[in-house]
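# Tertiary structure, described
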Amino acid sequence: MQKLIGFNIKRNKKLLVSDIIKFYEVRGYELIDADAHGMTFTRGNLWGNMTSLNPTKWKTKVNIEIIKQERMDYNIYATYKFTTSGFFRTKIEDNYYNEELNAFSKAIENFDIDSDLIETIIDKTNKSNFHLLANSLLLGIPTALLIILIINSLINNTLPIIIASAITAIAIIGFYAIFVKLRGKA
């Protein structure tokens, strides 16, 4: 998923660049590229997407573009490339990403960082993802077992482990998708 935020600021460029770098480093990002026109930060990795419910561990890339308008007048554009914990994005994850963008804007424009709000949203996202995963497992595994038992009784044989595993995975992912859709309507 990609999100863009842009705003104008009147400030000394050296201080502006310094504030941007400080903001992202405090939030766990690493500066990987910088030039006269902007910079790129990354946080997390693909392994974090697969193993963590915490969105700060997921792969995120931020491209910052600084465009000079006049003396001490700059347009700032931040393009965020977020990844999610699974194939589907929940409303709570979307809220987290929006707050991440808003935190950057507030920090640079108003020198205001509300780290408590971001931490609360991270905790809420973690809990939401845990509940989605737990509910998907609680309903997906018994459903898969029932399907496997029915198929085994119909074919008078035992399904290979690979096929049984695939049925289980599909059932869990199916329930996950259903729960995400239901939360989107709630």
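Quick caveat, the model's predicted, so the values are computed rather than measured.

## Here we look at a nonpolar patch on the surface
Residues L133, L137, I141 and L145 make up a contiguous nonpolar surface patch of roughly 310 Å² in combined accessible area. Relative to the assigned elements, I141 resides in helix 4 (residues 115–155).

## Here's the deal with helix 1 (residues 13–26)
For helix 1, which comprises 14 residues, the first-to-last C-alpha distance of 20 Å matches the rise-based estimate of 20 Å (1.5 Å per residue) to within 8%. In this structure, the buried residues of helix 1 make contact with strand 1 (2–9), strand 3 (38–43), strand 4 (60–70), strand 5 (73–82) and helix 3 (91–110). Its side-chain oxygen at 2.7 Å from the backbone nitrogen of K14, N12 defines the N-terminal cap of helix 1. Following helix 1 by one or two positions, G28 has its phi on the positive side, about 90 degrees.

## Some words on the nonpolar core
Judged by nonpolar contacts, the single largest core of 28 residues is most densely connected at I20, Y24, I64, I76, Y80 and F104. Taken together, the elements giving at least two residues each to this core come down to strand 1, helix 1, strand 3, strand 4, strand 5, helix 3 and helix 4. The element contributing the most residues to this core is helix 3, with 7 residues. With 6 residues, the next largest nonpolar core counts A144, L159, A164 and A171 among its residues.

## Overview of the pattern of salt bridges
For the structure on display, the rule yields 4 salt bridges. Across the pair R27 and E100 runs a salt bridge whose closest N-O atoms are separated by 2.6 Å. Placement of the pair is R27 in the loop between helix 1 and strand 2 (30–35) and E100 in helix 3, with a sequence separation of 73 residues. No difference in accessibility class separates R27 from E100, as the two residues are buried. Between E100 and R43 there is a salt bridge; the shortest N-O distance is 3.7 Å. One end of the pair, E100, is in helix 3; the other, R43, is in strand 3, and 57 residues separate them in sequence. For the pair formed by E100 and R43, the shared burial category is buried. One connected set of salt bridges, linked through shared partners, spans R27, R43 and E100.

## Quick look at the side chain of N152
Tracing the backbone shows N152 in helix 4. The exposure class assigned to N152 is buried, which follows from its relative accessible area of 18%. Among the polar contacts listed, one links the side chain of N152 to the backbone nitrogen of L159, at a separation of 2.8 Å. With near-sequence residues (within four places) excluded, N152 lies in contact with N157, T158 and L159.

## Observations regarding the pairing of strand 3
Counting buried positions over the 6 residues of strand 3 gives 6, a clear majority of the element. Burial along strand 3 is two-sided: G38, T40 and T42 and M39, F41 and R43, pointing in opposite directions, are all buried. In terms of strand pairing, strand 2 meets strand 3 through 5 bridges, oriented antiparallel. Of the residues in strand 3, the one forming a bridge with D35 is G38. Taking the residues that link successive antiparallel strands as the turn, the strand 2-strand 3 hairpin has 2 residues.

## Focus on the confidence of the model for the protein chain
This prediction gives the protein chain a mean pLDDT of 82; 89% of its residues lie at or above 70. By mean pLDDT, the top-scoring element of the protein chain is strand 3 (93), and the lowest-scoring one is helix 2 (residues 46–51) (71).

Rules used in this analysis
Residues numbered from 1 in each chain as written. Predicted model: local features only at pLDDT ≥ 70, side-chain atom pairs only at ≥ 80, totals over all residues. Heavy atoms only, no water. Patch = residues over 30% accessible without salt bridge, like charges linked within 9 Å, V, L, I, M, F, W, Y side chains within 5 Å. Areas by Shrake-Rupley, 256 points an atom, 1.4 Å probe, with all protein chains shown as cover. Salt bridge = Lys/Arg side-chain N within 4 Å of Asp/Glu carboxyl O. Helix = DSSP H or I, 4+ residues; strand = E, 2+ residues; numbered from the N terminus. Expected span 1.5 Å × (residues − 1). Contact = heavy atoms within 4.5 Å. Polar contact = N/O pair within 3.5 Å; in protein donor to acceptor, adjacent residues only side chain to side chain. Core = buried A, V, L, I, M, F, W, Y, C linked by side-chain atoms within 4.5 Å. Buried < 20%, exposed > 50% of the residue type's maximum accessible area, 1.4 Å probe, protein only. Pairing = 2+ DSSP bridges. pLDDT = per-residue confidence, 0-100.

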